[in-house]
Structures are given as structure tokens and as C-alpha cells.
Amino acid sequence: MDETPSLIQIKGIRDGLLITLGGAAWPDLASAFVKNVDERSSFFQGARVAINVGANELRVAELSALRDQLSERGIALWAVLSESPVTETTAQNLGLATRLSMPRPVDVREAAEELPVDAAKWVKGPLRSGGRVLFEGNVVVMGDVNPGAEIVAGGSVIVWGRLRGVVHAGAQGDEKAVVCALELAPTQLRIAGEIAVSPKKHGKSQPEVACLKDGQLVAEPWQELTGR
Amino acid sequence: MTAKVVTIASGKGGVGKTTAVANIGVALASRGQKVTCIDADIGLRNLDVVLGLENRIVYDLVDLIEGRCRLRQAMIRDKRLPELYLIPAAQTRDKTAVSPSDMVRLCDELRQEVDWIIIDSPAGIERGFKNAIAAADRVIVMTIPEVSAVRDADRVIGLLDAEEKGPAALVINRLDPAMVKRGDMLSVEDVLDLLAVELIGIVPEDENVIVASNRGQPLALDAKSKAGQAFQNIARRLMGEQLPFMDLESQNLLQRLLGRK
């Protein structure tokens, strides 16, 4: 297949191989890629692979089929980069990363401030154990966040449900970030550089907001805040 | 005939997947259904032991997939129920001997022959689990009322959603009503509160399960056993019956009056 090289570009990166697929529609692209892998199986054997699919809109069935095909050939697919939000969501649903590396918190303080304040990611819950949401802006979860789930947000986190997993708001150093939930009982709560665990709760739970006050993590009932 | 493929998974080991597959299989077969149980736990097979069919194994799942035998040759007929078959796992190979697409192909062939295909998933969420759920129409997630098992069940339910195999049905195994009453065990409500999926069975703690497993005689055939009854009820719910959950409390009282434990 002569046109194969133009469809598939392979680059070595720190985390393994980055493969850029482009110039054709999806089913052909996927089969060209798998064919390429088969032809050079000794090169690919045991590789950790990230793929960039450009603007292709991929559904769970398509992406999981490719992942299965690759895993049958001893290749671990760990990230899918795409310009399409549909594909990004699909990749996240399958537990794949959608960017190559999370920037280090200290390096990117300026970058965090440049983000539009209203940038928020909408997550349909429940977010179950093993689920992970990583976003530079704010995160809104409609549903419970179960123990074993993790949210890392550059901005604030709002959970319309019970928050029982691990949450890190202001992950890039924003000390004004807040975390609110209808029931705030996280395994661990972090805002910017501060870490706290939930105290044992008694009685009826109520919506609460956690924020940083004078470098201390505090949680307050929602009602108290409505007055100010 | 077009079979329904039901996979039983849990994430955590030792919560009773294999026992459940054996008992649900037996329960369905005792209701006149034609059933094949598949042990997908390659390398650690034991569904054959629980069903008491270990000494009849000639061909196994890997032989079948690699074309060393025909479908009929790998299906071991049960001693008690003529409509119950087992396809055992290979003991000398590992999970990579089978791929998800192999399982889909096998189940598609088998669908024509039976009413139900019940697949026993290995513990874990890796290749073996992916094999076991590949062909499933429905997945039953087993858990016990223990925080770690419930956490793993939650993870598995999330993975099933991501693979578009959801929504899962839940079975809570080994529930001890007395311990729940004392506040020493998670209650059914506690578990459902976290997992938020459809409940399809509650199986009470019953020491006879161990005896039955050792003897290779599934409890679902024992009308006196509470656990066996619970598995019969799960089978009936799978067949579409609307059935209330057993009242475990009052049965305990009755048994106490009768002088049993």
C-alpha cells in the first residue's frame, strides 16, 4: 500500500509513540494503521501508543475496536488526541488520556490565569470508582462522585450530588477555587496546595462549600453563604 | 432459538461469581430452559468443580477456539439436568489464549443451540474480564456487603457503561441480616445508594454453599436452602418474572423457632 506513509506518521515521544493519523476517513484509516502495525510487528511489539486522529469523530465502538485490535497485538493504547469534542468524550469514557501530559502546577500559573473564567466541563454522573476528570477550567458534575473517582480541575468544582471521591480544585495554584457539593464528604479534598480529609459527619447532610481562608481549608454550609 | 448471553462479573475475587453461575445455570435448567455455562477464567478454572463435572472434561474452551474440537464436543452435559451444559476453561493456558472477538464468534455459534449462555468472568478488569463481557447481552455484577467489594463493583459498573454494556444488574451475595441489624454490615440500601443500579438478587449468607461447592452439587436444587431459593429467584427474574425480594428477617425467625441456625 503506497499511500500508507502519508496517512500515518510515527514519532517517538517521552511517553512512547505518537501516531498521527490523517488524510482519510475513519474505517480506512484504522485498518491502514492496523495493517501498518502488522507489517512492522517487531517494531510495535509492547509499545505504548498515543494516537492523534485529527478531526475524526469517533464513537465508543470504533475506538474500543481499535484498542482491542491493538491489545491483541501487544500494543497499549493510552491516549487519543483529537480536535473533535465527540472523540475526546469517547476517549475519556474509555479511560484514555486526551492530552499527552498534564502541565506541572508551578510552571503554568500564568496559563491558568489566561483561561476564560467561564470555561467549564460538564460531566454527566455518576462518576464511578476509577473514573477521572482532568480539566484546566471549572468542572460541573451532574450526579454522585463515588469513592475511587478523581477530579482534577484548574478552577472550581461543583458536584450536584454526593462528593465522596478525591477532588483537587485550583490544581494549577488558583487559591480562589472552591468545591461545592450537595453532600461534601470527599475521601480527600485539595485546593491549590492544601490537602484535607473529611471529618466524620453526624446527622443530616447539607450542601456545603469548601474554600481556602487564610491558607486553611474550610467547609461551610451553603445557607450561610447565601446572605453575603 | 436465540440465546441470551449473561456474564457474571465482580472485579474483586471471592465474592461468589462461580457459585452464582453454577446456581443460576442450574436454576434456569431446572425451569426447562436450555443452558450453557462457559468458564472464561482460563488458567484458574473451577466452574467444573462447583458443578461436579471435573472428571468429564475432554476438550475445553481454548481447544474449541483453536479449532481442535467441534462445539458439541466441548459441551459437557450435566449429570442431573439434561438441558444444562458446561464449556470448561483450559487450565494450562492463560487469558491471552482467547480474544474478545473469539468469544463473540463462539457465542454467536452457540446462540442457535440454547436459550441461555451464562459466562463466568475471572476477577480483575483486564483481558479475562474483557473476554467475558465481549459477547454479553446483559451483565450481572456480583458484590458482597463489604466496602472493598462494593468499590470494585462500582469500578466494573463504570467500565461496563464505557463499553456500552450497561446498565448492569446487581446481585448482593452473602448478606447476613443479623449483622446488618447490629450495624456491623453494609445494608442493601447502603450498597444500592452507592452503586445506583438495578438490583436483581439478594443472596443470604449460608454455610451450605461451601458444602455444596465441595460436593459439586449446586444449592439451587435444594428447596430448603435460602441461598438456593435466592438463586432460583434470580433465574426467574432473568426470565422476566416480577418477583418481590425474600424477607430474610422473618425467615430467620422461623428457622430459630424450628431450632435451626
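Every value quoted in this text rests on a predicted model; they were computed, and no experiment measured them.

Asks: Mind showing me how you'd approach the overall build of chain B here?
Replies: Across its full length, chain B holds twelve helices and eight strands. What you see for chain B is a C-alpha radius of gyration of 18 Å, in line with the 18 Å of a compact globule of 261 residues. Scored against the burial criterion, the 261 residues of chain B give a buried share of 51%. When contacts within chain B are restricted to residue pairs at least 6 apart in sequence, those whose partners lie at least 24 apart make up 76%.

Asks: Just checking my understanding: could you explain the interface of chain B and chain A for this structure?
Replies: Much of the literature gives interface size as the accessible area that the parts lose upon coming together. On the side of chain A, 16 residues touch chain B, which itself brings twelve residues to the contact. At six residues, the largest contribution of residues to the side of chain B that touches chain A is made by helix H7 (residues 147–162) of chain B. Residue classes in the side of chain B that touches chain A are distributed as five nonpolar, two polar and five charged.

Asks: Explanation requested: the packing of helix H1 (residues 17–30) of chain B against helix H11 (residues 226–238) of chain B in the structure shown.
Replies: To describe two helices that pack against each other, one gives the angle between their axes and the distance between the axes. Residues and elements named next belong to chain B. Where H1 contacts H11, the axes come no closer than 8 Å and their chain directions differ by 65°. Relative to H11, H1 is oriented roughly perpendicular. Read as a crossing pair, H1 and H11 show a hand that is right-handed. Of the residues in H11, those touching H1 at Ala20, Asn23, Ile24, Ala27 and Leu28 are Gly228, Phe231, Gln232, Ile234 and Ala235.

Asks: For this particular structure, what's the right way to read the pairing of strand E6 (residues 138–143) of chain B?
Replies: Residues in a regular strand project their side chains so that they alternate between the two faces of the sheet. Residue and element names in this part refer to chain B. Among the six residues that make up E6, five are buried, leaving the element largely enclosed by the rest of the structure. Here four bridges tie strand E1 (residues 4–9) to E6, and the two strands are oriented parallel to one another. In the sheet register, Val6 faces E6, and the bridge partner there is Arg138. Sheet topology places E6 next to strand E7 (residues 169–175); four bridges connect them, and they run parallel. Looking at E7, one finds that Ile140 is bridged to Ala169. You can see the chain leave E6, run along H7 and come back into E7, and the turn it takes is right-handed.

Asks: What am I meant to see in the nonpolar core here?
Replies: A general feature of soluble globular proteins is that nonpolar side chains tend to end up buried together. Ranked by internal contacts, the top residues of the largest apolar core, which has 87 residues, are Ile117, Ile118, Val141 and Phe231 of chain B. With near-sequence residues (within four places) excluded, Val141 of chain B lies in contact with Ala9, Ser10, Ala153, Val156, Ile157, Ala168 and Leu170 of chain B. With 26 residues, the next largest nonpolar core counts Val139, Val141, Ala149 and Leu184 of chain A among its residues.

Asks: Can you help me understand the sheet that holds strand E15 (residues 216–221) of chain A in this one?
Replies: Each strand in a sheet pairs with its neighbour through backbone hydrogen bonds, running either in the same direction (parallel) or in the opposite one (antiparallel). Residues and elements named next belong to chain A. Read from one edge to the other, the open sheet built from six strands follows the order E5-E7-E9-E11-E14-E15, with strand pairing classed as mixed. Lying at the two open borders of the sheet, with one neighbouring strand each, are strand E5 (120–124) and E15. On average, each strand axis in the sheet is tilted by 25° relative to the strand beside it, whichever way the strands run. For E5 and strand E7 (residues 138–142), the ladder comprises five bridges, and the chain directions are parallel. If you follow Trp122 over to E7, its bridge partner there is Val140.

Asks: Is there a simple way to think about the sheet that holds strand E6 (residues 132–135) of chain A in this case?
Replies: Residue and element names in this part refer to chain A. One open sheet holds the five strands; their spatial order is E6-E8-E10-E12-E13, and the pairing between them is mixed. The open sheet has two edge strands, E6 and strand E13 (194–196), and neither has a second partner. The average undirected angle you get between the axes of adjacent strands in this sheet is 5°. When E6 meets strand E8 (residues 150–153), the two strands line up parallel, connected through four bridges. Counted as the bridge partner of Phe135 is Ala153 from E8.

Asks: How should helix H6 (residues 127–134) of chain B be read in this particular structure?
Replies: Turn by turn, an α-helix covers 3.6 residues, leaving residues three or four places apart pointing in a common direction. Residue and element names in this part refer to chain B. Along H6, eight of the eight residues are buried, which leaves the element largely enclosed by surrounding structure. Inspection of H6 places Arg127, Gly128, Phe129, Lys130, Asn131, Ala132, Ile133 and Ala134 among the buried residues, and these make up the whole buried set. For H6, the secondary structure elements touched by its buried residues are E1, helix H5 (100–111), strand E5 (116–120), E6 and H7.

Asks: Can you help me understand the environment of Asn233 of chain B in this one?
Replies: Checked against the element boundaries, Asn233 of chain B lands in helix H11. Take Asn233 of chain B: there are 21 C-beta atoms within 10 Å of it, and that puts it in the buried class.

Asks: Just to check I follow, could you spell out the confidence of the model for chain B for this structure?
Replies: For any part of a model where pLDDT is low, the fine detail of the predicted coordinates should not be relied upon. Of all residues in chain B, 95% have pLDDT values of 70 or greater, and the mean over the chain is 93. What the predictor reports for the complex is a pTM of 0.72 with an ipTM of 0.79.

Asks: Just to check I follow, could you spell out the packing of H7 of chain B against helix H9 (residues 188–195) of chain B for this structure?
Replies: All names here are of chain B. For the pair H7 and H9, interaxial distance at closest approach is 10 Å and the crossing angle is 35°. Crossing handedness for the pair H7 and H9: right-handed. Residue-level inspection shows Val150, Ala153, Asp154 and Ile157 of H7 in contact with H9, the latter providing Val191, Leu194 and Leu195. Tallied by class, residues from the contact of H7 with H9 come to six nonpolar, no polar and one charged.

Asks: How do you make sense of the pairing of strand E2 (residues 35–39) of chain B when you look at a structure like this?
Replies: Residue and element names in this part refer to chain B. Burial within E2 is extensive, with five of its five residues counted as buried. Of the two faces of E2, the one carrying Val35, Cys37 and Asp39 and the one carrying Thr36 and Ile38 are both buried. As paired strands, E2 and strand E4 (residues 84–87) are joined by four bridges and run parallel to one another. Note that in E4 the partner of Ile38 across the bridge is Ile87. Pairing between E2 and E5: five bridges, direction parallel.

Asks: Even after reading the chapter, I still don't get unusual backbone geometry, so can you show me in this structure?
Replies: Glycine aside, residues mostly have negative phi angles, and peptide bonds mostly take the trans form. Residue Pro126 of chain A is reached from Gly125 of chain A by a cis peptide bond, and omega for that bond is -5°. Looking at the element boundaries, Pro126 of chain A is found in the loop between E5 and E6. With a phi close to 50°, Ala196 of chain B is a non-glycine residue in the positive phi region. Along the chain, Ala196 of chain B falls in the loop between H9 and strand E8 (198–204). When the 17 C-beta atoms within 10 Å are taken as the criterion, Ala196 of chain B is described as partly exposed.

Calculation criteria
Residues numbered from 1 in each chain as written. Chains lettered and ligands numbered in written order. Predicted model: local features only at pLDDT ≥ 70, side-chain atom pairs only at ≥ 80, totals over all residues. Helix = DSSP H or I, 4+ residues; strand = E, 2+ residues; numbered from the N terminus. Rg over C-alpha atoms; globule rule 2.2 N^0.38 Å. Buried ≥ 20, exposed ≤ 12 C-beta atoms within 10 Å, placed from the backbone. Contact = placed C-beta atoms within 7 Å. Nonpolar A, V, L, I, M, F, W, Y, C, P; charged D, E, K, R; others polar. Axes fitted to C-alpha atoms, helices over the stretch in contact; angles between N-to-C directions. Parallel < 35°, antiparallel > 145°, perpendicular 65-115°, else oblique. Left-handed = near helix turned anticlockwise from the far one by under 90°. Pairing = 2+ DSSP bridges. Right-handed = clockwise from strand over helix to strand, strands pointing away. Core = buried A, V, L, I, M, F, W, Y, C linked by C-beta atoms within 7 Å. pLDDT = per-residue confidence, 0-100.

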